[in-house]
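# Topology and contacts: notes
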Amino acid sequence: CNIQSKQSMHTLGEFLIASQQKHPASTGEFSKVIHALRLAAKVVSHKVNKAGLIDIIGANGVTNAQGESQQKLDVYAHETFIGSLTNRKIVCGIASEEADDFIEVHNSTENPESKYIVLIDPLDGSSNIDVNVSLGTIFSIYKRISPSTGPVTQEDFLQKGTEQVAAGYILYGTSTLFVYTTGNGVNGFTLNPAIGTFYLSHPDITLPPKGHIYSINEANFATFPESIKDFLKNRKAEDQKYTTRYIGSMVSDIHRNMLKGGLYLYPPNQKSPQGKLRLLYECNPIAFIVEQAGGEAISMDQRIMEIDPNTLHQRVPFFCGNKEMVAILKSYL
Ligand code: AHM
Ligand code: MG
(Lines give C-alpha, C1' and ligand atoms only; values in the text may rest on other atoms or scores of the structure.)
(Ligands and ions follow the chains in the order given, each with its own letter.)
Protein backbone atom coordinates (compact mmCIF):
# COMPACT_ATOMS: atom_id res chain seq x y z
CA CYS A 1 0.00 0.00 0.00
CA ASN A 2 1.02 3.59 -0.40
CA ILE A 3 1.84 5.66 2.60
CA GLN A 4 -0.03 8.96 2.42
CA SER A 5 2.26 11.89 1.77
CA LYS A 6 2.64 14.49 4.48
CA GLN A 7 1.17 17.16 2.21
CA SER A 8 -2.29 15.58 2.20
CA MET A 9 -2.79 14.41 5.76
CA HIS A 10 -6.36 13.46 6.52
CA THR A 11 -7.61 12.66 9.94
CA LEU A 12 -10.08 9.85 10.54
CA GLY A 13 -12.64 12.53 11.42
CA GLU A 14 -12.13 14.35 8.11
CA PHE A 15 -12.26 11.07 6.24
CA LEU A 16 -15.60 10.22 7.87
CA ILE A 17 -17.06 13.63 6.99
CA ALA A 18 -15.91 13.25 3.37
CA SER A 19 -17.36 9.73 3.19
CA GLN A 20 -20.65 10.90 4.67
CA GLN A 21 -20.91 13.72 2.14
CA LYS A 22 -20.84 11.14 -0.67
CA HIS A 23 -24.17 9.83 0.70
CA PRO A 24 -26.59 12.77 0.88
CA ALA A 25 -29.28 10.65 2.58
CA SER A 26 -26.89 9.75 5.40
CA THR A 27 -28.08 10.67 8.90
CA GLY A 28 -24.58 10.62 10.36
CA GLU A 29 -25.54 7.74 12.63
CA PHE A 30 -22.89 5.44 11.20
CA SER A 31 -20.15 8.06 11.65
CA LYS A 32 -21.14 8.36 15.29
CA VAL A 33 -20.57 4.63 15.78
CA ILE A 34 -17.06 4.95 14.32
CA HIS A 35 -16.44 8.02 16.49
CA ALA A 36 -17.36 5.99 19.58
CA LEU A 37 -15.05 3.15 18.55
CA ARG A 38 -12.28 5.65 17.82
CA LEU A 39 -12.59 7.15 21.29
CA ALA A 40 -12.50 3.75 22.98
CA ALA A 41 -9.53 2.75 20.80
CA LYS A 42 -7.56 5.73 22.08
CA VAL A 43 -8.39 4.94 25.69
CA VAL A 44 -7.45 1.27 25.31
CA SER A 45 -4.29 2.16 23.37
CA HIS A 46 -3.20 4.42 26.23
CA LYS A 47 -3.89 1.67 28.76
CA VAL A 48 -2.12 -1.01 26.71
CA ASN A 49 0.95 1.19 26.43
CA LYS A 50 1.00 1.72 30.17
CA ALA A 51 0.38 -1.93 30.99
CA GLY A 52 4.02 -2.70 31.63
CA LEU A 53 4.26 0.12 34.14
CA ILE A 54 1.34 -0.59 36.38
CA ASP A 55 -0.01 -3.54 38.21
CA ILE A 56 -2.74 -4.39 35.76
CA ILE A 57 -1.26 -7.46 34.15
CA GLY A 58 -2.39 -10.90 35.19
CA ALA A 59 -5.48 -13.04 35.35
CA ASN A 60 -8.23 -11.49 37.42
CA GLY A 61 -9.69 -14.80 38.47
CA VAL A 62 -12.80 -14.94 36.30
CA THR A 63 -13.31 -16.76 33.01
CA ASN A 64 -14.92 -15.54 29.81
CA ALA A 65 -17.86 -17.07 27.96
CA GLN A 66 -15.70 -19.90 26.60
CA GLY A 67 -14.15 -20.76 29.96
CA GLU A 68 -10.76 -19.21 29.19
CA SER A 69 -9.12 -17.18 31.89
CA GLN A 70 -9.42 -13.46 31.29
CA GLN A 71 -6.78 -10.93 32.06
CA LYS A 72 -7.45 -7.51 33.45
CA LEU A 73 -6.86 -5.65 30.23
CA ASP A 74 -9.48 -7.82 28.47
CA VAL A 75 -12.04 -6.70 30.97
CA TYR A 76 -10.89 -3.10 30.77
CA ALA A 77 -11.12 -3.10 26.96
CA HIS A 78 -14.56 -4.75 27.07
CA GLU A 79 -15.87 -2.16 29.50
CA THR A 80 -14.31 0.72 27.59
CA PHE A 81 -15.81 -0.22 24.22
CA ILE A 82 -19.20 -1.09 25.71
CA GLY A 83 -19.18 2.15 27.70
CA SER A 84 -18.27 4.30 24.73
CA LEU A 85 -20.99 2.76 22.54
CA THR A 86 -23.72 2.77 25.20
CA ASN A 87 -23.07 6.21 26.70
CA ARG A 88 -23.77 7.79 23.34
CA LYS A 89 -26.85 5.63 22.69
CA ILE A 90 -25.95 5.22 19.07
CA VAL A 91 -26.35 1.46 18.75
CA CYS A 92 -29.25 -0.73 19.76
CA GLY A 93 -27.26 -3.83 20.67
CA ILE A 94 -23.73 -5.08 21.29
CA ALA A 95 -22.25 -8.57 21.52
CA SER A 96 -18.77 -9.03 22.93
CA GLU A 97 -16.46 -12.02 22.94
CA GLU A 98 -16.05 -11.36 26.65
CA ALA A 99 -19.77 -11.66 27.52
CA ASP A 100 -22.02 -14.72 27.42
CA ASP A 101 -25.01 -12.97 25.92
CA PHE A 102 -25.67 -9.90 23.80
CA ILE A 103 -26.38 -6.56 25.42
CA GLU A 104 -29.53 -4.66 24.58
CA VAL A 105 -28.35 -1.08 24.73
CA HIS A 106 -31.67 0.61 25.32
CA ASN A 107 -35.28 0.21 24.44
CA SER A 108 -35.68 1.22 20.84
CA THR A 109 -38.82 3.21 21.63
CA GLU A 110 -36.54 5.71 23.40
CA ASN A 111 -34.35 6.03 20.34
CA PRO A 112 -36.19 4.52 17.40
CA GLU A 113 -33.69 5.67 14.80
CA SER A 114 -30.87 3.58 16.25
CA LYS A 115 -30.46 0.71 13.81
CA TYR A 116 -26.89 -0.50 14.24
CA ILE A 117 -25.56 -3.40 16.24
CA VAL A 118 -21.88 -3.98 16.98
CA LEU A 119 -20.06 -7.25 17.58
CA ILE A 120 -16.65 -6.87 19.14
CA ASP A 121 -13.63 -8.76 20.34
CA PRO A 122 -12.39 -6.00 22.67
CA LEU A 123 -8.85 -7.27 23.16
CA ASP A 124 -7.69 -10.10 20.96
CA GLY A 125 -4.41 -11.92 21.45
CA SER A 126 -4.80 -11.71 25.19
CA SER A 127 -2.16 -14.35 25.82
CA ASN A 128 0.33 -11.71 24.67
CA ILE A 129 -0.63 -9.08 27.24
CA ASP A 130 1.95 -9.92 29.85
CA VAL A 131 4.84 -10.11 27.40
CA ASN A 132 4.45 -6.70 25.78
CA VAL A 133 3.50 -8.08 22.36
CA SER A 134 1.00 -6.49 19.93
CA LEU A 135 -2.70 -6.84 20.68
CA GLY A 136 -5.81 -5.92 18.74
CA THR A 137 -9.51 -5.09 18.80
CA ILE A 138 -11.81 -6.48 16.10
CA PHE A 139 -15.29 -5.11 15.36
CA SER A 140 -18.17 -5.75 13.04
CA ILE A 141 -21.21 -3.54 12.38
CA TYR A 142 -24.61 -4.71 11.12
CA LYS A 143 -28.09 -3.24 10.78
CA ARG A 144 -30.67 -4.89 12.99
CA ILE A 145 -33.23 -7.06 11.20
CA SER A 146 -35.83 -7.28 13.98
CA PRO A 147 -38.58 -4.63 14.05
CA SER A 148 -37.30 -1.31 15.36
CA THR A 149 -40.31 -1.07 17.67
CA GLY A 150 -39.03 -3.79 20.00
CA PRO A 151 -35.81 -4.91 21.67
CA VAL A 152 -32.97 -6.43 19.64
CA THR A 153 -33.06 -10.21 19.35
CA GLN A 154 -30.46 -12.94 18.90
CA GLU A 155 -31.34 -13.01 15.18
CA ASP A 156 -29.91 -9.52 14.80
CA PHE A 157 -26.51 -10.87 15.85
CA LEU A 158 -26.63 -14.17 13.95
CA GLN A 159 -26.47 -12.62 10.50
CA LYS A 160 -24.13 -13.85 7.80
CA GLY A 161 -20.89 -11.95 7.33
CA THR A 162 -22.11 -10.84 3.92
CA GLU A 163 -24.58 -8.57 5.74
CA GLN A 164 -21.85 -6.55 7.47
CA VAL A 165 -22.14 -2.80 6.99
CA ALA A 166 -18.59 -2.25 8.17
CA ALA A 167 -15.77 -4.06 9.90
CA GLY A 168 -12.44 -3.06 11.29
CA TYR A 169 -9.57 -3.74 13.62
CA ILE A 170 -7.39 -1.69 15.88
CA LEU A 171 -3.79 -2.81 16.14
CA TYR A 172 -1.95 -1.86 19.32
CA GLY A 173 1.55 -2.36 17.97
CA THR A 174 4.62 -0.17 17.68
CA SER A 175 1.99 2.37 16.62
CA THR A 176 -1.76 2.15 17.07
CA LEU A 177 -3.62 1.68 13.80
CA PHE A 178 -7.34 1.91 13.12
CA VAL A 179 -8.19 -0.03 9.97
CA TYR A 180 -11.72 -0.34 8.63
CA THR A 181 -13.89 -0.98 5.60
CA THR A 182 -17.46 -0.12 4.69
CA GLY A 183 -17.32 -2.21 1.54
CA ASN A 184 -15.44 0.37 -0.54
CA GLY A 185 -11.88 -0.70 0.08
CA VAL A 186 -9.83 -0.68 3.26
CA ASN A 187 -8.18 2.34 4.87
CA GLY A 188 -5.80 2.51 7.81
CA PHE A 189 -5.22 5.43 10.20
CA THR A 190 -2.24 5.74 12.53
CA LEU A 191 -2.62 7.37 15.93
CA ASN A 192 -0.39 10.29 16.76
CA PRO A 193 -0.38 9.72 20.53
CA ALA A 194 0.94 13.19 21.28
CA ILE A 195 -2.30 14.80 20.12
CA GLY A 196 -4.66 11.84 20.13
CA THR A 197 -5.49 12.04 16.42
CA PHE A 198 -5.67 9.24 13.86
CA TYR A 199 -4.18 10.17 10.47
CA LEU A 200 -4.79 8.37 7.20
CA SER A 201 -1.53 6.49 6.79
CA HIS A 202 -2.57 3.46 4.73
CA PRO A 203 -5.09 4.50 2.07
CA ASP A 204 -6.73 1.78 0.03
CA ILE A 205 -4.82 -1.18 1.46
CA THR A 206 -4.43 -3.85 -1.19
CA LEU A 207 -2.98 -7.30 -0.67
CA PRO A 208 -0.08 -8.11 -2.94
CA PRO A 209 -1.29 -10.75 -5.44
CA LYS A 210 1.41 -13.18 -4.36
CA GLY A 211 2.68 -13.99 -0.90
CA HIS A 212 5.48 -15.96 0.68
CA ILE A 213 4.49 -15.91 4.38
CA TYR A 214 2.35 -18.46 6.13
CA SER A 215 1.14 -18.01 9.70
CA ILE A 216 -0.01 -20.97 11.76
CA ASN A 217 0.44 -22.53 15.17
CA GLU A 218 2.27 -25.56 13.86
CA ALA A 219 2.62 -27.08 17.33
CA ASN A 220 -0.87 -28.51 16.69
CA PHE A 221 0.36 -30.28 13.51
CA ALA A 222 -0.14 -33.83 14.82
CA THR A 223 -3.93 -33.51 14.85
CA PHE A 224 -4.50 -31.23 11.85
CA PRO A 225 -6.62 -32.69 9.01
CA GLU A 226 -4.49 -34.59 6.48
CA SER A 227 -5.20 -31.93 3.83
CA ILE A 228 -3.61 -29.25 5.99
CA LYS A 229 -0.65 -31.48 6.84
CA ASP A 230 -0.05 -32.08 3.13
CA PHE A 231 -0.33 -28.40 2.36
CA LEU A 232 2.27 -27.57 5.02
CA LYS A 233 4.64 -30.37 4.06
CA ASN A 234 4.62 -29.22 0.45
CA ARG A 235 5.24 -25.60 1.38
CA LYS A 236 8.36 -26.73 3.21
CA ALA A 237 9.39 -28.90 0.30
CA GLU A 238 9.59 -25.77 -1.85
CA ASP A 239 12.92 -24.86 -0.38
CA GLN A 240 13.26 -21.23 0.72
CA LYS A 241 10.20 -20.09 -1.20
CA TYR A 242 8.15 -19.53 1.98
CA THR A 243 8.73 -18.19 5.44
CA THR A 244 6.69 -18.55 8.63
CA ARG A 245 5.64 -15.65 10.81
CA TYR A 246 3.30 -16.24 13.75
CA ILE A 247 2.73 -13.77 16.56
CA GLY A 248 -0.37 -15.42 18.03
CA SER A 249 -2.22 -12.10 17.92
CA MET A 250 -4.59 -12.44 15.02
CA VAL A 251 -4.78 -8.73 14.21
CA SER A 252 -0.99 -8.45 14.04
CA ASP A 253 -0.61 -11.59 11.94
CA ILE A 254 -3.37 -10.51 9.56
CA HIS A 255 -2.13 -6.92 9.30
CA ARG A 256 1.40 -8.00 8.44
CA ASN A 257 0.12 -10.48 5.85
CA MET A 258 -2.14 -7.84 4.29
CA LEU A 259 0.81 -5.53 3.75
CA LYS A 260 3.39 -8.16 2.78
CA GLY A 261 1.27 -10.94 1.27
CA GLY A 262 0.67 -14.17 3.09
CA LEU A 263 -1.73 -16.79 4.38
CA TYR A 264 -3.13 -17.08 7.90
CA LEU A 265 -4.38 -20.51 8.99
CA TYR A 266 -6.24 -21.75 12.05
CA PRO A 267 -7.31 -25.30 11.18
CA PRO A 268 -9.28 -27.69 13.38
CA ASN A 269 -7.20 -29.85 15.71
CA GLN A 270 -7.82 -32.19 18.61
CA LYS A 271 -7.79 -29.43 21.20
CA SER A 272 -10.07 -27.19 19.11
CA PRO A 273 -12.17 -29.45 16.85
CA GLN A 274 -13.81 -26.45 15.16
CA GLY A 275 -10.69 -24.34 15.20
CA LYS A 276 -10.19 -21.71 17.87
CA LEU A 277 -11.44 -18.56 16.22
CA ARG A 278 -14.94 -17.17 16.62
CA LEU A 279 -17.00 -16.68 13.51
CA LEU A 280 -18.80 -13.54 14.64
CA TYR A 281 -16.12 -11.66 16.56
CA GLU A 282 -12.98 -12.61 14.65
CA CYS A 283 -13.52 -14.44 11.34
CA ASN A 284 -16.33 -12.44 9.72
CA PRO A 285 -14.85 -8.98 10.29
CA ILE A 286 -11.37 -10.08 9.23
CA ALA A 287 -12.88 -11.85 6.19
CA PHE A 288 -14.69 -8.66 5.13
CA ILE A 289 -11.50 -6.62 5.44
CA VAL A 290 -9.32 -9.17 3.66
CA GLU A 291 -11.80 -9.55 0.79
CA GLN A 292 -12.07 -5.78 0.48
CA ALA A 293 -8.28 -5.65 0.25
CA GLY A 294 -8.38 -8.11 -2.65
CA GLY A 295 -7.84 -11.36 -0.72
CA GLU A 296 -9.98 -14.33 0.25
CA ALA A 297 -11.20 -15.86 3.52
CA ILE A 298 -12.53 -19.40 3.71
CA SER A 299 -13.36 -22.20 6.13
CA MET A 300 -12.79 -25.86 5.20
CA ASP A 301 -15.25 -25.82 2.30
CA GLN A 302 -17.02 -22.48 2.27
CA ARG A 303 -16.50 -18.74 2.05
CA ILE A 304 -16.40 -17.48 5.64
CA MET A 305 -18.91 -14.68 5.08
CA GLU A 306 -21.52 -17.12 3.70
CA ILE A 307 -21.63 -19.30 6.82
CA ASP A 308 -25.01 -19.16 8.54
CA PRO A 309 -24.19 -18.61 12.23
CA ASN A 310 -25.84 -20.84 14.86
CA THR A 311 -24.60 -19.36 18.09
CA LEU A 312 -22.96 -16.17 19.29
CA HIS A 313 -19.68 -17.83 20.22
CA GLN A 314 -19.47 -20.32 17.34
CA ARG A 315 -15.95 -21.25 16.20
CA VAL A 316 -14.92 -22.18 12.68
CA PRO A 317 -11.72 -23.26 10.93
CA PHE A 318 -10.29 -20.12 9.36
CA PHE A 319 -7.93 -19.46 6.45
CA CYS A 320 -7.33 -16.13 4.78
CA GLY A 321 -4.81 -14.30 2.70
CA ASN A 322 -3.94 -13.30 -0.80
CA LYS A 323 -5.76 -15.06 -3.60
CA GLU A 324 -2.87 -17.06 -4.96
CA MET A 325 -2.03 -18.66 -1.61
CA VAL A 326 -5.69 -19.35 -0.82
CA ALA A 327 -6.03 -21.00 -4.25
CA ILE A 328 -3.09 -23.29 -3.46
CA LEU A 329 -4.64 -24.16 -0.09
CA LYS A 330 -8.01 -24.86 -1.72
CA SER A 331 -6.41 -27.39 -4.04
CA TYR A 332 -5.54 -29.39 -0.88
CA LEU A 333 -8.83 -28.90 0.94
P1 AHM B 1 -8.18 -14.73 22.19
O2 AHM B 1 -9.46 -14.18 21.62
O3 AHM B 1 -8.42 -15.53 23.43
O4 AHM B 1 -7.15 -13.70 22.37
O5 AHM B 1 -7.65 -15.84 21.15
C6 AHM B 1 -7.52 -15.50 19.80
C7 AHM B 1 -6.08 -15.57 19.43
C8 AHM B 1 -5.78 -14.98 18.09
O9 AHM B 1 -5.45 -13.64 18.16
C10 AHM B 1 -4.60 -15.79 17.67
O11 AHM B 1 -4.42 -15.79 16.29
C12 AHM B 1 -4.91 -17.12 18.22
O13 AHM B 1 -5.73 -16.91 19.34
C14 AHM B 1 -3.70 -17.84 18.66
O15 AHM B 1 -4.05 -19.08 19.14
P16 AHM B 1 -2.95 -20.16 19.54
O17 AHM B 1 -2.34 -19.69 20.80
O18 AHM B 1 -3.72 -21.43 19.72
O19 AHM B 1 -1.98 -20.25 18.40
MG1 MG C 1 -10.25 -13.11 20.32
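Anything mentioned here points back to the structure above.
Residues numbered from 1 in each chain as written. Chains lettered and ligands numbered in written order. Predicted model: local features only at pLDDT ≥ 70, side-chain atom pairs only at ≥ 80, totals over all residues. Heavy atoms only, no water.

## Remarks on the overall build of the protein chain
This is how it is decided: Comment: elements are numbered from the N terminus, with helices defined as DSSP H or I runs of at least four residues and strands as E runs of at least two. Burial here depends on accessible area, computed with a 1.4 Å probe over protein chains only, as a share of the maximum for the residue type. Under 20% is buried, over 50% is exposed, and the range in between is partly exposed. When checking whether two residues touch, look at their non-hydrogen atoms; a contact exists if any pair is within 4.5 Å. Note that accessible areas follow from Shrake-Rupley with a 1.4 Å probe, and for residues the cover is restricted to the protein chains shown.
On a plain count of helices and strands, the protein chain comes out with 8 helices and 15 strands. Within the protein chain, the fraction of its 333 residues that count as buried is 53%. Within the protein chain, contacts between residues separated by at least 24 positions form 67% of all contacts whose residues are at least 6 apart in sequence. Surface exposure of the protein chain reaches about 14,300 Å², of which carbon and sulfur atoms provide 49%.

## A short note on the pairing of strand β15 (residues 318-322)
So the rule is basically this: Two strands make a pair as long as DSSP finds a minimum of two bridges between them.
Along β15, 5 of the 5 residues are buried, which leaves the element largely enclosed by surrounding structure. Here 4 bridges tie strand β13 (residues 262-266) to β15, and the two strands are oriented antiparallel to one another. Paired with Leu 265 across the two strands is Phe 319, which belongs to β15. Across 4 bridges, strand β14 (residues 295-298) lies against β15 in antiparallel orientation. Each residue of the ladder has a partner; that of Ala 297, found in β15, is Cys 320.

## Considerations on the sheet that holds strand β10 (residues 197-202)
The following threshold applies: The angle between two axes is taken between their N-to-C directions and runs from 0 to 180 degrees, where each axis is a line fitted to C-alpha atoms and a helix contributes only its stretch in contact.
Taken together, the 8 strands give an open sheet; going across it, the order is β4-β3-β5-β6-β7-β8-β9-β10, and neighbouring strands pair in mixed fashion. The open sheet has two edge strands, β4 (103-104) and β10, and neither has a second partner. By the bridge criterion, 4 bridges tie strand β3 (residues 93-96) to strand β5 (residues 116-124) in an arrangement that is parallel. Its bridge partner being in β5, Ile 94 is matched across the sheet by Val 118. Seen against the sheet, helix α3 (residues 72-87) touches β3, β4, β5, β6 (135-143) and β7 (166-172) and runs at an angle of roughly 160 degrees to β5. Relative to β6, helix α7 (residues 279-292) is tilted by about 85 degrees, and along the sheet it contacts β3, β5, β6, β7, β8 (176-181) and β9 (186-192).

## Here's the deal with the state of the cysteines
Note on terminology: disulfide describes a covalent bond linking the sulfur atoms of two cysteines. The following threshold applies: Disulfide: a pair of cysteine sulfur atoms within 2.5 Å of each other.
In this structure the tally under the stated criterion is 0 disulfides. Free cysteine: Cys 283, not disulfide-bonded; nearest cysteine sulfur from Cys 320 at 8.6 Å.

## Focus on the coordination of the magnesium ion (ligand 2)
The cut-off we apply is this: A donor here means any N, O or S atom no more than 2.8 Å from the metal (3.2 Å for Na, K and Ca); water is not included, so a site may seem to lack partners.
Coordination of the magnesium ion (ligand 2) by the protein comes from Glu 97 (OE), Asp 121 (OD), Asp 124 (OD) and Glu 282 (OE), over a distance range of 1.9 to 2.6 Å. Expressed as a motif, the donor residue spacing for the magnesium ion (ligand 2) is E-x23-D-x2-D-x157-E. Within this pair, whereas Glu 97 is found in the loop between β3 and β4, its partner Asp 124 is found in strand β5, the two being separated by 27 residues in sequence. Accessibility classification places Glu 97 together with Asp 124 in one group, the buried group.

## Details of the layout of surface pockets
A probe matching the size of a water molecule, rolled over the atoms, marks out where space remains unfilled. We apply this condition: In this analysis the probe radius is 1.4 Å and the grid spacing 1 Å, with only protein atoms considered; a cavity is a set of points the probe fits into but cannot get out of, a pocket is an open set with protein on both sides within 12 Å along at least five of seven lines, and lining residues have an atom within 4 Å of a point. Grid points are joined across faces, edges and corners, and a volume is the space filled by probe spheres set on the points. Any residue that is not Ala, Val, Leu, Ile, Met, Phe, Trp, Tyr, Cys, Pro, Asp, Glu, Lys or Arg is counted as polar, Gly included; the first ten are nonpolar and the last four charged.
The space that makes up the largest pocket amounts to roughly 580 Å³. Taken together, 22 residues line the largest pocket, and the ones lying closest to its centre are Ser 19, His 23, Phe 30, Thr 182 and Asn 184. Mapped by element, the contributors of at least two residues to the lining of the largest pocket are α1 (12-21), α2 (29-50) and β8. Considering every element that reaches the lining of the largest pocket, the biggest residue donor is α1, with 4 residues. Residue classes in the lining of the largest pocket are distributed as 6 nonpolar, 12 polar and 4 charged.

## Quick look at the site of ligand 1
Selection criterion: If even one non-hydrogen atom of a residue comes within 4 Å of a molecule or strand, that residue is called near it. N or O atoms closer than or at 3.5 Å make up a polar contact, with two conditions inside protein: a donor-capable atom paired with an acceptor-capable one, and, for residues adjacent in sequence, both atoms drawn from side chains.
Taken together, 15 residues are adjacent to ligand 1, and Asp 124, Tyr 246, Met 250, Tyr 264 and Tyr 266 come closest. Take Tyr 264: an N or O atom from its side chain is 2.6 Å from an oxygen atom of ligand 1. The separation between an oxygen atom of ligand 1 and a polar side-chain atom of Glu 282 is 3.1 Å. For ligand 1, the protein covers 88% of the area, taking 470 Å² as the surface of the free molecule. Counting residues per element, the ones that place at least two in the shell around ligand 1 are β5 and β13.

## Examining the packing of α2 against α3
Note the threshold: If an angle is under 35 degrees, it is roughly parallel; if it is over 145, roughly antiparallel; if it lies from 65 to 115, roughly perpendicular; otherwise it is oblique. Each crossing is labelled by how the near helix is turned from the far one, with a counterclockwise turn of less than a right angle marking it left-handed and a clockwise turn marking it right-handed.
With their axes 8 Å apart at the nearest point, α2 and α3 run at an angle of 155 degrees to one another. Between α2 and α3, the angle falls in the class roughly antiparallel. Judged by the sense of rotation from one axis to the other, the crossing of α2 with α3 is right-handed. Packed against α2, whose contacting residues are Val 33, Ala 36, Leu 37, Leu 39, Ala 40, Ala 41, Val 43, Val 44, Lys 47 and Val 48, the element α3 presents Leu 73, Tyr 76, Ala 77, Thr 80, Phe 81, Ser 84 and Leu 85 at the interface. Taken together, the residues of the contact of α2 with α3 sort by class into 14 nonpolar, 2 polar and 1 charged.

## Let's talk about the pairing of β9
Within β9, 6 of the 7 residues are buried, which leaves it mostly tucked inside the rest of the structure. Bridge count between β8 and β9: 5 bridges; the pairing is antiparallel. Bridged to Leu 177 within β9 is Thr 190. Here β8 hands over to β9 after 4 residues, with Gly 183 in that stretch at a positive phi of 100 degrees. Sheet topology places β9 next to β10; 5 bridges connect them, and they run antiparallel. Note on β10: the bridge partner recorded for Leu 191 is Phe 198.

## Topic: the nonpolar core
Worth spelling out the cut-off: We call a set of buried residues a nonpolar core when its members are Ala, Val, Leu, Ile, Met, Phe, Trp, Tyr or Cys and they connect through side-chain atoms within 4.5 Å of each other.
Counting residues in each nonpolar core, the largest one holds 42 residues, and the members touching the most others are Ile 254, Met 258, Ile 286, Ile 304 and Phe 318. Broken down by secondary-structure element, the contributors of at least two residues to this core are β5, β6, β7, β8, α6 (250-260), β13, α7 and β15. The dominant element in this core, judged by the number of residues it contributes, is α7, at 9 residues. When neighbours within four sequence positions are excluded, Ile 286 is seen to be in contact with Ile 138, Tyr 169, Met 250, Ile 254, Phe 318 and Cys 320.

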